[in-house]
Amino acid sequence: MIHRKLQLSYHKLFPTGTFRRHCGDFVAICLSKLNLFNLDPDMPASRFDASLETDFAPISFGPADNPEVTIIIPVFNKFVFTYTCLKSILTKTEDVRYEVIVLDNASTDKTIELKSIVKNITVVRNEKNLGFVEASNLGAKNARGKYLLFLNNDTKVQDGWLKALVDTAKDE
């Protein structure tokens, strides 16, 4: 039932024959072929929870001069997921110049402290929850990279993930 609802939503958001559908299919194919993300839907929650960060020490990204990729992460609460996602980006991303933009949709948890915990990223805090699509559009407007990558905050990236995506996009 859930799979069918997702499929219907996908077809509504990405109508067949449109450029938007082509892009959506391209991303889906890249992600499935590259097997870059470590979020198995069948993984028990406790196993995934065990991989989340619990020590929220300050982290700092390098300077984002002339980024090739802008990583856009819309969030609403779930600070632990966001911090874990950002730490995985920091530790697993090499060989690609990138910037990170986090769009905070009026969170009420520790996410409001993100600017003081994670340095050298752009945090845009919305006064109200704009939803995923509007927050993503706002992130795209602030982006400086040639490529835009939209990432959910519950993603833990793996070694070589971004270079593989950029190389695939360049080959197209």
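Residues numbered from 1 in each chain as written. Predicted model: local features only at pLDDT ≥ 70, side-chain atom pairs only at ≥ 80, totals over all residues. Heavy atoms only, no water.

> What's the story with the overall build of the protein in this structure? I'm lost.
A tally of helices and strands in the protein yields 7 helices and 6 strands. Listing the helices and strands of the protein from first to last along the sequence gives α-α-α-β-β-α-β-α-β-β-α-β-α. For the protein, restricting intrachain contacts to residue pairs at least 6 apart in sequence, the fraction spanning at least 24 positions comes to 75%. Per element, the accessible surface of the protein, about 10500 Å² overall, is 54% carbon and sulfur. (Helix = DSSP H or I, 4+ residues; strand = E, 2+ residues; numbered from the N terminus. Contact = heavy atoms within 4.5 Å. Areas by Shrake-Rupley, 256 points an atom, 1.4 Å probe, with all protein chains shown as cover.)

> I would appreciate a short explanation of the side chain of Asp104 in the present structure.
Tracing the sequence through the fold places Asp104 in strand 3 (residues 98-104). Overall, the relative accessible area of 1% leaves Asp104 in the buried class. Only 2.6 Å separates the side chain of Asp104 from the side chain of Arg125, close enough to count as a polar contact. Setting aside residues no more than four positions away along its own chain, Asp104 makes contact with Val75, Thr111, Ile112, Val124, Arg125 and Asn126. (Buried < 20%, exposed > 50% of the residue type's maximum accessible area, 1.4 Å probe, protein only. Polar contact = N/O pair within 3.5 Å; in protein donor to acceptor, adjacent residues only side chain to side chain.)

> Just checking my understanding: could you explain the sheet that holds strand 2 (residues 69-75) for this structure?
The strands that make up a sheet pair up through hydrogen bonds in the backbone, lying either parallel or antiparallel. Read from one edge of the open sheet, 4 strands run 5-3-2-6, paired in parallel fashion. Edge strands, defined here as strands with exactly one partner in the open sheet, are strand 5 (122-125) and strand 6 (147-150). Strand-to-strand twist of the sheet, defined as the mean angle between neighbouring strand axes without regard to direction, takes the value 20°. Along the sheet face, helix 7 (residues 161-171) touches strand 2, strand 3 and strand 6 and points at about 130° away from the line of strand 6. (Pairing = 2+ DSSP bridges. Axes fitted to C-alpha atoms, helices over the stretch in contact; angles between N-to-C directions.)

> Teacher, can you tell me more about a nonpolar patch on the surface here?
Taken together, the side chains of Phe132, Val133, Leu148 and Phe150 present a nonpolar region at the surface, about 360 Å² in accessible area. Those elements that provide at least two residues to the nonpolar patch are helix 6 (131-142) and strand 6. When you line up the elements, Leu148 lands in strand 6. On the basis of relative accessible area, Leu148 is assigned to the partly exposed category, the value being 38%. (Patch = residues over 30% accessible without salt bridge, like charges linked within 9 Å, V, L, I, M, F, W, Y side chains within 5 Å. Salt bridge = Lys/Arg side-chain N within 4 Å of Asp/Glu carboxyl O.)

> What am I meant to see in the confidence of the model for the protein here?
In the predicted model, the protein carries a mean pLDDT of 82, and the fraction of residues at 70 or more is 73%. The model gives residues 35-48 a pLDDT under 50, and that stretch makes 20 contacts with residues more than four places away or in other chains. (pLDDT = per-residue confidence, 0-100.)

> Can you walk me through the packing of aromatic side chains in this structure?
The relative placement of two aromatic rings is captured by the distance of their centres and the angle of their planes. The final tally for this structure, using the stated rule, is 4 aromatic pairs. On the basis of an interplanar angle of 85° and a centroid distance of 5.2 Å, the ring pair of Phe56 and Tyr83 is categorised as edge-to-face. Of this pair, Phe56 sits in the loop between helix 3 (45-50) and strand 1 (59-60) while Tyr83 sits in helix 4 (residues 79-92); the two residues are 27 residues apart in sequence, bridging distant segments of the chain. Ring geometry for Phe61 versus Tyr98: centroids 6.2 Å apart, planes at 85°, classification edge-to-face. Here the residue Phe61 occupies a position in the loop between strand 1 and strand 2, and Tyr98 occupies one in strand 3, the gap between them amounting to 37 residues. Exposure remark for Tyr98: the relative accessible area of 15% places this residue in the buried category. Taken together, Phe56, Phe79 and Tyr83 form an aromatic cluster joined through their ring pairs. Note that Lys110 overlies the ring of Phe79, its terminal NZ or CZ placed 5.9 Å from the centroid. (Phe/Tyr/Trp six-rings, centres within 6.5 Å; stacked < 30°, edge-to-face > 60°. Lys NZ or Arg CZ within 6 Å of the ring centre and 35° of its normal.)

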